Amino acid sequence: MELSRQILPTGYSMAFEGSAAGLADSFNSLTTALMMGILVAYMILAVQFNSFIHPVSVLMALPFSVTGALLALWAFGVSLNLFSFIGLIVLMGIAKKNSILLVQFTNQVRDEKKA
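These remarks concern the structure in this document. In this text the structure is predicted, and so the values were computed from the model without any measurement.

Cut-offs and rules
- Numbering of residues starts from 1 in every chain and runs along the sequence as written.
- Two thresholds apply to this predicted model, a pLDDT of at least 70 for residue-level local features and 80 or more for giving and counting side-chain atom pairs, whereas whole-chain, interface and lining totals are computed over all residues.
- With hydrogens and water excluded, all non-hydrogen atoms of the structure serve as input to the side-chain values.
- Residues grouped as a nonpolar core are buried Ala, Val, Leu, Ile, Met, Phe, Trp, Tyr and Cys residues, joined through side-chain atoms within 4.5 Å.
- Burial classes follow relative accessibility: with a 1.4 Å probe on protein chains only, a residue under 20% of its type's maximum area counts as buried, one over 50% as exposed, and anything between as partly exposed.
- The way it works is that DSSP assigns letters per residue, a run of H or I at least four long becomes a helix, a run of E at least two long becomes a strand, and they are numbered from the N terminus.
- Here, residues are in contact when the closest pair of their heavy atoms is within 4.5 Å.
- Fitted lines through C-alpha atoms serve as axes, helices being fitted only where they are in contact, and the angles separating the N-to-C directions of these axes extend from 0 to 180 degrees.
- Should the near helix be turned counterclockwise from the far one by less than a right angle, the crossing is left-handed, whereas a clockwise turn marks it as right-handed.
- Each residue is assigned to one class: nonpolar for Ala, Val, Leu, Ile, Met, Phe, Trp, Tyr, Cys and Pro, charged for Asp, Glu, Lys and Arg, and polar for all the others, Gly among them.
- Helix span, expected: 1.5 Å multiplied by one less than the number of residues in the helix.
- Classification of ring pairs rests on two measures: the distance between centres of Phe, Tyr or Trp rings, Trp counted by its six-membered ring, which must be within 6.5 Å, and the angle between planes, read as stacked under 30 degrees, edge-to-face over 60 and tilted in between.

Turning our eyes to something else, we now look at the nonpolar core. Listed in full, the nine residues of the largest apolar core are Leu34, Leu45, Phe49, Val58, Leu59, Leu62, Met92, Ile100 and Val103. Of all the secondary-structure elements, those providing two or more residues to this core are helix H2 (19-49), helix H3 (54-59) and helix H5 (82-114). With residues up to four places along the chain from it excluded, the contact list for Leu62 reads Ile38, Met92 and Lys96.

Here it is as structure tokens:
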């Protein structure tokens, strides 16, 4: 947008149209769904673990999965499109599931040592 203000004469504007507008809307919707999913996952994990700390340790794996996926996309020269964004959401779900299992196992081992 800033570039269009510098290049175009006064009175002209730039806006996404067609498939670019649809893609921008899809990315906004997926980003909103991703953030709401993380919030809901935190609330469910807080209830499951009876703690506000353990869900944070579970969700700490999510930024690492995102950076790894973005680095892989960059390394192979693939763009971040709608399908790769959906794959990113699936990857985050798998990473969250793995983290839940690790935290649950750690809590179980700790509880057995206390008993």
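As a packed pair, helix H4 (residues 61-75) and H5 sit with axes 9 Å apart at the nearest point and diverge in direction by 140 degrees. Like other packed secondary-structure pairs, H4 and H5 cross with a definite hand, here right-handed. Judged by residue contacts, Ala61, Leu62, Ser65, Val66, Ala69 and Leu73 of H4 engage Ser84, Leu88, Leu91, Met92, Ala95, Lys96 and Ser99 from H5. Among the residues forming the contact of H4 with H5, the class breakdown is nine nonpolar, three polar and one charged.

Our focus in this paragraph is unusual backbone geometry. The backbone of Asn50 sits at a positive phi, close to 55 degrees, despite the residue not being glycine. As for its position among the elements, Asn50 is in the loop between H2 and H3. Look at Asn50 and you get exposed, because its relative accessible area is 70%.

To continue, consider H2. Compared with the 45 Å implied by 1.5 Å per residue over 31 residues, the 44 Å span of H2 between its first and last C-alpha is a close match. Among the residues of H2, those classed as buried are Phe27, Leu30, Leu34, Ala41, Leu45, Ala46 and Phe49. A positive backbone phi angle near 55 degrees is found at Asn50, which sits one or two residues after H2.

Moving on, we come to the side chain of Asn107. Within the secondary structure, Asn107 is located in helix H5. Not counting chain neighbours up to four residues away, the residues in contact with Asn107 comprise Phe49 and His54.

Under the defined criterion, the tally for this structure stands at one aromatic pair. For the pair Phe27 and Phe85, a centre-to-centre distance of 5.2 Å together with 70 degrees between the ring planes defines the contact as edge-to-face. One end of the pair, Phe27, is in helix H2; the other, Phe85, is in helix H5, and 58 residues separate them in sequence.

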